[in-house]
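Fold and contact review
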Amino acid sequence: MKNIVMEKSIEVKKENLHKLPFDRVYRFENGVAVVQRKEFYGLINEDLSIIAEPVYSIIGSFENGVAIIKKGEKYGAIKEDGTIIVEPEYNGCDENFKYGAAVFYKISRNSLFDLNSVHRTLIDKSGKIIKEISNMEISNPFSNSSFAIIRGRGRCGLIDRDGNDIVKPQGKYAIYGTYKDMAVMEKYNNSNKKYIIDKNGNKYKFFGCDIVEIIGENLIHVKKDKVHFLTDIYNNKISRNYD
């Protein structure tokens, strides 16, 4: 017997679902449902039209209208209308499209942990390639910020949503704490030398203190000598004893 999972907002007669040539019809979301035939998955719409044949071993959850797919041993991406925006030709995927982009990779040798053998491609939700890079990782693409961090082999850099270098990969600094249009950069082996980086690559000095959190566009939570306080982007104190 077929296993039918319904969503109340979708007006589809259950008897019509049972007529479909699938073993299972999953819940409709945004007018699309995943269907299963044996061990393979596809997609149908509210009209019960097949928009993606069940040829995929994985169809992930849709994020920003795009889901990760797996066909054979290769990964790609599909839109909710069944359009393939990333052909299944990659060995894996580091991220989904929750923040509007995902990182796919190809392995030229036999180890994901050997950076020399991995080529990564950052792709946005329209299928546009933002950045291709070898021998380095692409971390936290656009999560809570307009940046993605490039790191590997002791170097760090920042790129924007168009793949432009905000900070070219370099070996002197670590980059972390991205938030909206800002990020924290700290000099290796000298935690007293910190900077805030804005979307244009401008650096603002925060020497001799810890940057606890970037709260807003011009509001930074810092700590110095165990005292917490707020500053602006130029490290001018706004309030003391911030807790």
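Above this note sits the structure.
Since this is a predicted model, take the numbers as computed values, not measurements.

Cut-offs used in this document
- Residues numbered from 1 in each chain as written.
- Predicted model: local features only at pLDDT ≥ 70, side-chain atom pairs only at ≥ 80, totals over all residues.
- Heavy atoms only, no water.
- Pairing = 2+ DSSP bridges.
- Helix = DSSP H or I, 4+ residues; strand = E, 2+ residues; numbered from the N terminus.
- 1 Å grid on protein atoms, 1.4 Å probe; cavity = no way out; pocket = protein on both sides within 12 Å on 5 of 7 lines; lining within 4 Å.
- Points joined across faces, edges and corners; volume = space filled by probe spheres on them.
- Nonpolar A, V, L, I, M, F, W, Y, C, P; charged D, E, K, R; others polar.
- Phe/Tyr/Trp six-rings, centres within 6.5 Å; stacked < 30°, edge-to-face > 60°.
- Buried < 20%, exposed > 50% of the residue type's maximum accessible area, 1.4 Å probe, protein only.
- Axes fitted to C-alpha atoms, helices over the stretch in contact; angles between N-to-C directions.
- Salt bridge = Lys/Arg side-chain N within 4 Å of Asp/Glu carboxyl O.
- Polar contact = N/O pair within 3.5 Å; in protein donor to acceptor, adjacent residues only side chain to side chain.
- Contact = heavy atoms within 4.5 Å.

With respect to topology, four strands assemble into an open sheet ordered β10-β11-β12-β13, the strand pairing being antiparallel. Of all strands in the sheet, those bounded by a partner on one side alone are β10 (92-93) and β13 (129-134). With two bridges joining them, β10 and strand β11 (residues 101-107) adopt antiparallel strand pairing. Looking at the pairing, Gly-92 lines up with Tyr-105 of β11.

The subject of this paragraph is the layout of surface pockets. Within this model, the largest pocket holds a volume of roughly 270 Å³. The element that contributes the greatest number of residues to the lining of the largest pocket is strand β3 (residues 32-37), accounting for three residues. Roughly 230 Å³ of internal volume is contained in the second largest pocket. Lining the second largest pocket we find Lys-180, Asp-181, Met-182, Asp-198, Lys-199, Asn-200, Tyr-204, Gly-216, Glu-217, Ile-233 and Tyr-234. Looking at the lining of the second largest pocket, its residues break down into four nonpolar, two polar and five charged.

With that settled, the discussion passes to the packing of aromatic side chains. One pair of aromatic rings is described through two measures. These are the centre distance and the angle between the planes. The full count for this structure, using the stated rule, is six aromatic pairs. With a centroid separation of 6.3 Å and an interplanar angle of 50°, the aromatic rings of Phe-97 and Phe-104 are classed as tilted. Taken individually, Phe-97 and Phe-104 each receive the classification buried, so the pair is uniform in this respect. Ring centres 5.3 Å apart and planes at 85° place the aromatic pair Tyr-195 and Phe-207 in the edge-to-face group.

What follows deals with the sheet that holds strand β19 (residues 182-187). Taking strand neighbours across the sheet as the criterion, the four strands line up as β18-β19-β20-β21 in an open arrangement whose pairing is antiparallel. Two strands lie at the open edges of the sheet, namely β18 (173-179) and β21 (203-205), each paired on one side alone. Pairwise comparison of adjacent strand axes, ignoring direction, gives a mean angle of 30° for this sheet. Direction of pairing for strand β20 (residues 194-198) relative to β21: antiparallel, over a ladder of three bridges. Paired with Ile-196 across the bridge in β21 is Tyr-204.

This paragraph deals with the pattern of salt bridges. Opposite charge on two side chains allows them to pair when their charged atoms are near. Under the definition given, this model contains six salt bridges. The salt bridge involving Glu-186 is made with Lys-194; its shortest N-O contact spans 3.6 Å. A relative accessible area of 3% places Lys-194 in the buried class. Counted as one network, the salt bridges with shared partners bring together Glu-186, Lys-194 and Asp-210.

Pairing of strand β4 (residues 40-45) with strand β5 (residues 50-56), which is carried by three bridges, proceeds in the antiparallel orientation. Its bridge partner lying in β5, Ile-44 is registered against Ile-50. Counted between consecutive antiparallel strands, the loop separating β4 from β5 contains four residues, among which Leu-48 sits at a positive phi close to 65°.

On to the pairing of strand β15 (residues 148-152). Within β15, four of the five residues are buried, which leaves the element mostly enclosed by the surrounding structure. Where strand β14 (residues 137-139) and β15 come together, three bridges link them in antiparallel fashion. Residue pairing across strands places Ser-139 opposite Ile-149, the latter belonging to β15. The pairing of β15 with strand β16 (residues 155-159) spans five bridges and is classified as antiparallel. Considered in β16, the bridge of Ile-150 is made with Gly-157. The hairpin formed by β15 and β16 contains two residues between the paired strands, and Arg-153 there has a positive phi angle of roughly 55°.

A word on the side chain of Ser-145. Its place among the elements puts Ser-145 in the loop between β14 and β15. Within polar-contact distance, the side chain of Ser-145 engages the backbone nitrogen of Phe-147 at 3.1 Å. Those residues in contact with Ser-145, other than ones at most four positions away along the chain, are Arg-161, Thr-178, Tyr-179 and Lys-180.

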